[in-house]
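Overview (structure and organization)
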Amino acid sequence: MTLNGKLLVEFLHKLEKDEAWQLQHLRDLEEQPQREALLLLGNRPVEVIAETETAPIEVDLSSLPTYEVYL
């Protein structure tokens, strides 16, 4: 088989299509557990999870170092 520019371009285009298909297939496999979980929920009511109140974060600004502005 002789290899010329046209055959090489056709091969590379086919390879790109195959790679794109494989990447899409991997994305579909990654999303499958989420889809199954959503479909299995069906008409079940959504459970509400009560959030506990957390104290606000306190930051002592007086302990921060002061930097000079260099121009």
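For the structure given in this document, a descriptive report is provided here. Since we're looking at a predicted model, the values are computed, not measured.

**Focus: the overall build of the chain**
Helices and strands together make up the secondary structure of the chain, namely one helix and zero strands. Compactness check: the chain gives a C-alpha radius of gyration of 28 Å against a globular reference of 11 Å for 71 residues, more than 25% above the reference. Dimensions of the chain along its principal axes, counting C-alpha atoms only, are 75 × 60 × 15 Å. Every one of the 71 residues in the chain was classed for burial, and the buried ones make up 0%. Accessible area of the chain: about 8000 Å², with a carbon and sulfur share of 61%. The distance from the centre of the 6 positive side-chain charges to the centre of the 14 negative ones in the chain is 21 Å.

**Here we look at the pattern of salt bridges**
As enumerated under the stated definition, the model contains two salt bridges in all. A salt bridge links Lys-14 to Asp-18; the nearest nitrogen and oxygen atoms lie 3.5 Å apart. Taken together, the residues span about one helical turn, with Lys-14 and Asp-18 both in helix H1 (residues 5-41) at a distance of four residues. According to the relative accessible area criterion, Lys-14 is exposed, its value standing at 51%. The shortest N-O distance in the salt bridge between Arg-35 and Glu-31 comes to 3.6 Å. Residue Arg-35 and its partner Glu-31 are located together in helix H1, separated by four residues, close to a single helical turn. The class of Glu-31 is partly exposed, set by a relative accessible area of 43%.

Thresholds, definitions, all that
- Residues numbered from 1 in each chain as written.
- Predicted model: local features only at pLDDT ≥ 70, side-chain atom pairs only at ≥ 80, totals over all residues.
- Heavy atoms only, no water.
- Helix = DSSP H or I, 4+ residues; strand = E, 2+ residues; numbered from the N terminus.
- Rg over C-alpha atoms; globule rule 2.2 N^0.38 Å.
- Buried < 20%, exposed > 50% of the residue type's maximum accessible area, 1.4 Å probe, protein only.
- Areas by Shrake-Rupley, 256 points an atom, 1.4 Å probe, with all protein chains shown as cover.
- Lys, Arg positive; Asp, Glu negative; His and termini not counted.
- Charge placed at Lys NZ, Arg CZ, Asp CG, Glu CD.
- Salt bridge = Lys/Arg side-chain N within 4 Å of Asp/Glu carboxyl O.

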